[in-house]
Protein chains: 2
Amino acid sequence: MPNRNRNYAIVGTGAVGGFYGAKLQKAGLEVNFLLRSDYEHVKKHGLIVESPEGDFTLPQVRGYHDSRKMPKFDVVIVGLKTTQNHFLPKILPDLLKDNGVVLVLQNGLNIETEIAKIVGAERVIGGLCFLCSYKVSPGHICHLDYGTITLGEYTEDYKYIGITNRLHQIANDFKSAEIPINLSADLLLSRWKKLVWNIPYNGLSVVLNARTDELMANPDTLILVEQIMREVVAGAKSCDRIIPDEFIPHMLDHTHKMKPYRTSMKIDYDESRPLELEAIFGNPIRAAEQAGIKLPQIEVLYRMLKFVDAENQEAERKRQLLSL
Amino acid sequence: MPNRNRNYAIVGTGAVGGFYGAKLQKAGLEVNFLLRSDYEHVKKHGLIVESPEGDFTLPQVRGYHDSRKMPKFDVVIVGLKTTQNHFLPKILPDLLKDNGVVLVLQNGLNIETEIAKIVGAERVIGGLCFLCSYKVSPGHICHLDYGTITLGEYTEDYKYIGITNRLHQIANDFKSAEIPINLSADLLLSRWKKLVWNIPYNGLSVVLNARTDELMANPDTLILVEQIMREVVAGAKSCDRIIPDEFIPHMLDHTHKMKPYRTSMKIDYDESRPLELEAIFGNPIRAAEQAGIKLPQIEVLYRMLKFVDAENQEAERKRQLLSL
């Protein structure tokens with residue numbers, strides 16, 4: 001049974017935070033949403049979730065526009081894109097109970113380390129979402145596929161502490177909301193494993209303007225995907241995390257069987273949003289470099305992406321200036 | 001003084017062959033052009049060259065449509081793109097005098113080796129063109145900038161034989177046509193040095209849809225250019241050719257000072273022509289690999305280019321089918 005006394009805040013009510021927050025509230029948990037541009041709309045109309053598991057509407061949600069006017073929470077879920085994390089130092093301290101935790105539902109590596117600098121390492125939990133969803137419009141989330149979250153405790157330098165009691169408690173809340181949960185005893189390993197997929201597919205899909213099925217169908221990009229995956233495994237190894245040999249063919253096989261998929265980074269690019277390049281590319285490259293290992297092919301992707309992202313953001317700024 | 005008895009054939013009357021062939025004829029040398037789709041037009045109207053060094057027209061040229069109906073030549077200049085080299089085994093044996101030579105005015109590495117298989121190593125000379133020009137329409141060449149050719153003898157396995165007498169003779173013919181000539185005592189070294197520029201700029205300009213000045217202005221692509229140049233230097237070293245350290249900053253500085261430039265590979269891509277990927281990327285990668293050296297960043301570029309080239313050619317095939 002979920003603990004009805006454990007209250008939740010959602011920072012970032014988009015494809016991730018909006019989806020999971022709505023599911024938790026629907027299951028009867030107390031959920032509070034910190035909103036910015038969508039505040040007026042969500043206050044008035046609530047949230048809509050379309051999902052193959054069943055559409056639902058929450059006509060009323062606890063919406064706030066200012067973190068200083070919010071109560072304190074047991075669990076603060078960060079569902080922002082990592083490109084928005086510069087807002088967190090002003091927000092998170094307002095929201096946490098003394099023994100509250102931040103659950104970071106973000107992509108990439110060493111995200112928790114940055115959030116630990118704000119709230120302390122002992123108050124950070126990492127979450128990896130295997131979710132296809134997007135925000136249609138303010139307060140309107142479309143869930144396409146998947147949805148499992150892998151939860152793991154963060155500790156300084158990702159030292160092993162295994163699965164804690166509070167991890168089980170949060171997992172139970174999520175499970176009560178029909179959100180599939182895996183518990184990871186090694187968050188850093190889980191983060192690197194997720195990068196084995198995210199780095200090649202997100203990167204190549206943007207640079208080459210391609211869906212996953214197109215990358216898999218061409219023999220050259222297929223080789224490139226595999227070589228880049230091997231560099232991610234080498235990066236993990238440089239951080240003392242061993243990804244087993246069979247993981248790469250497993251990921252390739254899994255992607256072969258997936259429906260044609262536009263990656264989340266490609267969607268961000270197409271929507272002229274800034275790309276999560278430091279979290280997904282820069283941090284892994286730097287982590288490996290600190291361990292004395294170069295990831296040359298990932299670095300090519302990273303620098304190409306920084307080029308196209310800069311061009312994309314510059315074009316977006318010009319469009320916004322013209323529409324003023 | 002040029003030898004008025006030395007006769008020339010031009011195979012490929014486009015941006016390169018059309019430009020140099022027209023210059024040679026204008027200087028009074030006997031030049032014969034093997035033409036395919038442009039045959040009727042050039043037979044009727046001759047050649048037009050626009051150039052900052054002075055426009056000129058050749059109302060009449062010796063044009064042929066069939067290599068079997070041509071006489072034999074002292075020098076056969078190959079100005080085709082390397083993607084057309086599969087035509088050469090049927091053409092070159094028809095055109096060469098017993099002591100004639102093929103002058104290969106093409107980009108890339110180990111091109112001469114393939115042509116040597118057709119005519120014998122002792123009958124191949126390599127030429128590297130530093131030329132900005134393009135074919136406006138059949139028989140109409142626009143010369144934009146530069147024009148120097150570096151000539152070097154080919155030998156099996158690129159063994160050193162220095163500068164020969166026949167190299168001097170051909171050089172004199174070209175100089176009489178106001179074509180600046182450098183003589184190279186080491187063709188393989190010259191080819192690798194040209195790749196130091198061609199590999200990063202041609203590759204990145206296509207993948208990132210960028211001009212040279214845009215690649216130089218962005219800090220990430222600038223780093224990428226330099227890293228890729230270093231891999232080319234490593235590739236050269238694997239073939240026992242030492243490119244001095246100062247060559248890379250020299251190339252970067254040169255490119256900084258160039259006018260904004262759309263690379264020849266980018267022009268090919270934009271015109272939906274197949275890209276010269278094996279000559280410029282595949283052969284250098286394989287040459288280094290045979291020497292036990294990986295060029296991982298160049299390989300990323302190569303495989304990305306093969307992907308976009310395949311997509312581009314597929315789209316072109318569809319357009320041509322629709323226009324039938």
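Per chain, the residues get numbers from 1 upward, laid out in the order the sequence is written. Naming scheme: in the order in which they are written, chains are lettered from A and ligands are numbered from 1. Side-chain atom pairs in this predicted model are given and counted only at pLDDT of 80 or more, local residue features only at pLDDT of at least 70, and totals for whole chains, interfaces and linings cover all residues. Just so you know, side-chain values use all the structure's heavy atoms and leave hydrogens and water out.

### Re the interface of chain B and chain A
Two residues qualify as a contact provided that any one of their heavy atoms is within 4.5 Å of a heavy atom in the partner residue. Each partner contributes residues to the interface: chain B has 22 residues there, and chain A has 22 residues. By definition here, a salt bridge exists when the distance from a side-chain nitrogen of Lys or Arg to a carboxyl oxygen of Asp or Glu is within 4 Å. Linking chain B with chain A are four salt bridges. Measuring nitrogen to oxygen at the nearest pair gives 2.8 Å for the salt bridge that ties D220 of chain B to R303 of chain A. Any N or O atom pair separated by 3.5 Å or less is treated as a polar contact, with the protein-specific requirement of one donor-capable and one acceptor-capable atom, and with residues adjacent in sequence counted only for side-chain atom pairs. Put simply, chain B and chain A have eight residue pairs in polar contact (both at pLDDT 80 or more) between them. Among the elements of the structure, α6 (187–207), α8 (219–238) and α12 (296–323) of chain B are those that each provide at least two residues to the side of chain B that touches chain A. Only DSSP runs of H or I covering at least 4 residues are called helices, and only runs of E covering at least 2 are called strands; the numbering of each starts at the N terminus. Considering every element that reaches the side of chain B that touches chain A, the biggest residue donor is α12 of chain B, with 11 residues. Partitioned by chemical class, the residues of the side of chain B that touches chain A number 13 nonpolar, four polar and five charged. Following the grouping adopted for this structure description, the nonpolar residues are Ala, Val, Leu, Ile, Met, Phe, Trp, Tyr, Cys and Pro, the charged ones are Asp, Glu, Lys and Arg, and the polar ones are all others, Gly among them.

### Details of helix α4 (residues 111–119) of chain A
Residue and element names in this part refer to chain A. Those residues of α4 that fall on the buried side of the exposure criterion are I111, E112, I115, A116 and V119. End-on, the buried residues of α4 take up no more than an arc of 130°, which puts them together on one face. Looking at the packing, one finds that the buried side of α4 touches α3 (88–95), β7 (96–105), β8 (124–137), α6 (187–207) and α11 (277–290). G120 occupies a position one or two residues after α4 and carries a positive phi of about 95°. Residue exposure (1.4 Å probe, protein chains only): buried if accessible area is under 20% of the type maximum, exposed if over 50%, otherwise partly exposed. Note that the arc is computed from the directions linking the helix axis to the C-beta atoms.

### Examining the UniProt feature "domain: Ketopantoate reductase N-terminal" (unreviewed entry) in chain A
UniProt positions are given in the numbering used here, feature names are shortened, and annotations may be inferred rather than shown by experiment. According to UniProt, the feature "domain: Ketopantoate reductase N-terminal" (unreviewed entry) maps to residues 8–155 of chain A in the numbering used here. Structurally, residues 8–155 of chain A comprises 23% helix and 43% strand, and the distance from its first C-alpha atom to its last is 22 Å.

### Description of the relation of the copies chain B and chain A
Least-squares fitting of chain B to chain A yields an RMSD of 0.0 Å, with the transformation described by 0.0 Å of translation along the axis and a rotation of 180°. Look at the turn and shift together and you get a two-fold axis relating the two. Residue Q297 of chain B, judged by its C-alpha, is the member of chain B lying nearest the rotation axis, at 2.8 Å. A shared binding surface is used by both copies, with 100% of the interface residues of chain B retained as interface residues in chain A. Least squares is used to superpose the copies, and the fit set is the C-alpha atoms of residues whose pLDDT is at least 70 in both copies.

### Details of the side chain of R303 of chain A
By secondary structure assignment, the location of R303 of chain A is in helix α12 (residues 296–323). Note on R303 of chain A: relative accessible area 14%, which makes it buried. A polar contact is formed between the side chain of R303 of chain A and the side chain of D220 of chain B, at a distance of 2.8 Å. Ignoring anything within four residues of it in the chain, the contact list for R303 of chain A reads D220, I223, L224 and Q227 of chain B.

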